[in-house]
Amino acid sequence: MLNFIARPMVRVVDRYLPDPYIFVIILTVVVMAAAMLFEGQSPMAVAAMWGDGFWALLQFAMQMVLVLVTGYMMASTPLVRKGLAKLAGLASSAGGAILLVSVVSLAASWINWGFGLVVGALFAKEIAKQVRVDYRLLIASAYSGFIVWHGGLAGSVPLAIATAGHPFEAQIGVIGTSQTIFSFFNLAIVVALFIVVPLVNRMMLPSEADSVFVDPALLEEKEVKQPEVMTPAERLQNSMILTGLIGLAGIAYLVQYFLGGGTLTLNIVNFLFLIVAIILHGTPRNLLAALEEGVKGASGIVIQFPFYAGIMAIMVQSGLAASVSEWLVSLATPGSFPFFAFISAGIVNFFVPSGGGQWAVQAPVILPAAEALGVDAARAAMAVAWGDAWTNMVQPFWALPILGIAGLKAKDIMGFCTLHLILSGAIIALGLTVL
């Protein structure tokens, strides 16, 4: 039944969804027009907002490039490849491959969203070398696990309000993760998605005739050939001593960091991936060869993230994001408030695809409304968090790293992910409003 429903979605998306670059250009034009029509902003004011905010995500863009590149370098080491190959060997059929990728991606994304994006994609590629399975659905399954990230250990909204000194502490105080990440309603949503997402992916498996396969040979890593006679410079490039020194320094820092109570942040994930890659590649030459291959998939991030930064600036500075939130929240009752907060966050996420940035925009609207209606602030915050995660299923922004690793386009996976948008939306809404 789900395969029957998914097929037309895949065809429609394949036909009409443009390249993510075109998608972000269209979003830019739509937001510019909306800011002028609904917020009364002048064309020059909108252009100034856009231009001033265009480079606001440079640090984050670099972090995302490094998520892709360092993850690729780590996964291309012989030891990690053998480990992934052994784990991939647990899947003996196409259906088993889809289920296994889904579960691994869900678990990794719940631990840390950056970790989940990279591990899911790299594991899916390894499985594709061993099992004949629709490659589009395999990568879509890896991306579908991303749905749980904001209800997991690295969720930016629950971690923000659990930190003393956060911007809204005077209003709601410090809300511990026992009321958000580890609350009954949130864990119930996570468990439900851990069950439903793999099963839905399995039931969307196309027939042999409708499947799109990838040649396993195209997924193999290039071997680095060592020169027989080396110059002094080449000896340095093949020096394991230099690698060992940097590796030891990196390990020392990580041990000190985690013993001091540090947690997995995006920078730490990237640092961890890089140090592991440096150590396991053995020589700088091998590492640089992996870097050269890994960086090829980062082009989409480099060109598109500045446009999203510009969109975010218009949404925030023009008041458009607040207006969308206010309008939806105005329709709410105490019982339906979490649902409308969830929907508003899902809509805003198309234009402000950053959990922390979205919370900064919506919290000034959501929190006073929740207080006026007598709605628990922790539940209201998690409604925004889940809304942010929910529409990522059809928002190409977060799919760019996984698509870069897999070598696919957004339209190849978004048809499958559209069904997840519908089903996960129903599960999350029920969990937020009923439990």
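Computed from a predicted structure; not experimentally measured.

Conventions used here
Residues numbered from 1 in each chain as written. Predicted model: local features only at pLDDT ≥ 70, side-chain atom pairs only at ≥ 80, totals over all residues. Heavy atoms only, no water. Helix = DSSP H or I, 4+ residues; strand = E, 2+ residues; numbered from the N terminus. Rg over C-alpha atoms; globule rule 2.2 N^0.38 Å. Contact = heavy atoms within 4.5 Å. Areas by Shrake-Rupley, 256 points an atom, 1.4 Å probe, with all protein chains shown as cover. Lys, Arg positive; Asp, Glu negative; His and termini not counted. Charge placed at Lys NZ, Arg CZ, Asp CG, Glu CD. 1 Å grid on protein atoms, 1.4 Å probe; cavity = no way out; pocket = protein on both sides within 12 Å on 5 of 7 lines; lining within 4 Å. Points joined across faces, edges and corners; volume = space filled by probe spheres on them. Nonpolar A, V, L, I, M, F, W, Y, C, P; charged D, E, K, R; others polar. Buried < 20%, exposed > 50% of the residue type's maximum accessible area, 1.4 Å probe, protein only. Phe/Tyr/Trp six-rings, centres within 6.5 Å; stacked < 30°, edge-to-face > 60°. Lys NZ or Arg CZ within 6 Å of the ring centre and 35° of its normal. Expected span 1.5 Å × (residues − 1). Bend = angle between axes of the 7 residues up to and from the residue. Salt bridge = Lys/Arg side-chain N within 4 Å of Asp/Glu carboxyl O. Axes fitted to C-alpha atoms, helices over the stretch in contact; angles between N-to-C directions. Parallel < 35°, antiparallel > 145°, perpendicular 65-115°, else oblique. Left-handed = near helix turned anticlockwise from the far one by under 90°. pLDDT = per-residue confidence, 0-100.

Draft legend 1. Structural view of the overall build of the protein chain. Helix and strand counts for the protein chain stand at 23 helices and zero strands. The globule rule puts the C-alpha radius of gyration for 435 residues at 22 Å, and the 22 Å found for the protein chain is close to it. Dimensions of the protein chain, computed from C-alpha atoms along their principal axes, come out at roughly 75 × 50 × 45 Å. Of the contacts made within the protein chain by residues no fewer than 6 positions apart, 80% connect residues no fewer than 24 positions apart. On the protein chain, roughly 18,500 Å² of surface is accessible, and the fraction owed to carbon and sulfur atoms is 69%. Put simply, the protein chain has 19 plus and 22 minus side-chain charges, and the middle of one group is 11 Å from the middle of the other.

Draft legend 2. Main features of the environment of Met203. Mapped onto the elements of the fold, Met203 is located in helix α11 (residues 184-203). In this structure, the C-alpha to C-alpha distance between Met203 and Ala6, residues 197 residues apart in sequence, is 9.3 Å.

Draft legend 3. How the structure looks around the layout of surface pockets. Taken as a whole, the largest pocket holds about 600 Å³ of empty space. In this structure, the largest pocket is lined by 18 residues; those nearest its centre are Trp113, Ala154, Ser156, Leu159 and Leu266. Elements that contribute at least two residues to the lining of the largest pocket include exactly α9 (156-161) and α20 (355-373). Considering each element in turn, the lining of the largest pocket owes the most residues, three residues, to α20. Residue classes in the lining of the largest pocket are distributed as 10 nonpolar, eight polar and no charged.

Draft legend 4. Broad picture of the side chain of Gln304. In this structure, Gln304 sits in helix α17 (residues 299-317). Look at Gln304 and you get buried, because its relative accessible area is 4%.

Draft legend 5. The packing of aromatic side chains, seen in detail. Evaluated as defined, the whole model comprises 19 aromatic pairs. Taking 5.0 Å as the distance between ring centres and 80 degrees as the angle between the ring planes, the aromatic pair formed by Phe54 and Phe307 counts as edge-to-face. One end of the pair, Phe54, is in the loop between α3 (43-53) and α4 (58-75); the other, Phe307, is in helix α17, and 253 residues separate them in sequence. The interplanar angle of 80 degrees and the centroid separation of 5.9 Å between the aromatic rings of Phe168 and Trp359 together place this pair among those described as edge-to-face. Note that Phe168 is positioned in the loop between α9 and α10 (169-172) and Trp359 in helix α20, a separation of 191 residues in sequence. Of the two residues, Phe168 and Trp359, neither departs from the other in class, the shared state being buried. Above the face of the Phe213 ring, Arg132 is positioned so that its terminal group lies 3.7 Å from the ring centre. Lying over the aromatic face of Phe185, Arg379 brings its terminal NZ or CZ to 4.2 Å of the ring centre.

Draft legend 6. α17, seen in detail. The end-to-end C-alpha distance of α17, which contains 19 residues, comes to 28 Å, matching closely the 27 Å that a straight helix rising 1.5 Å per residue would cover. Within α17, the axis deviates most sharply at Phe305, by approximately 30 degrees, and proline Pro306 lies no more than four positions further along. Counting buried positions along α17 gives 14 out of 19 residues, so the element sits mostly inside the fold. Phi turns positive one or two residues past the end of α17, at Gly319, with a value near 90 degrees.

Draft legend 7. Just the pattern of salt bridges, in detail. A complete count under the given rule lists three salt bridges for this structure. Lys129 is paired through a salt bridge with Glu126; the nearest N and O atoms lie 3.3 Å apart. Taken together, the residues Lys129 and Glu126, both in helix α7 (residues 113-130) and three residues apart, mark about one turn of the helix. Accessibility expressed as a relative area gives 18% for Lys129, which makes it buried.

Draft legend 8. Representation of the packing of helix α19 (residues 337-351) against helix α23 (residues 410-433) within the structure. Look at α19 against α23: their axes get within 8 Å of each other, and the N-to-C directions meet at 140 degrees. Comparing the axis directions of α19 and α23 gives the class oblique. The two elements α19 and α23 meet at a crossing, and its hand is right-handed. In this structure, α19 uses Pro338, Phe339 and Phe342 to contact α23, whose residues at the interface are Gly425, Ile428, Ala429, Leu432 and Thr433. For the contact of α19 with α23, the per-class residue count stands at six nonpolar, two polar and no charged.

Draft legend 9. Just α4, in detail. Along its 18 residues, α4 runs 26 Å from first to last C-alpha, staying within 8% of the 26 Å computed at 1.5 Å per residue. Taking burial as the measure, the 18 residues of α4 include 14 buried ones, the bulk of the element.

Draft legend 10. Representation of the environment of Ile172 in the model. Examined against the element boundaries, Ile172 turns out to sit in helix α10. The spacing of Ile172 and Glu371 is 199 residues in sequence and 9.0 Å in space, taken between C-alpha atoms. Setting aside anything within four residues of it in sequence, one finds Ile172 in contact with Ile161, His166, Leu367 and Ala377.

Draft legend 11. Quick peek at the confidence of the model for the protein chain. Mean pLDDT over the protein chain: 88, with 97% of residues reaching 70 or higher. When mean pLDDT is taken per element in the protein chain, α11 scores highest with 97 and helix α1 (residues 2-16) scores lowest with 74.

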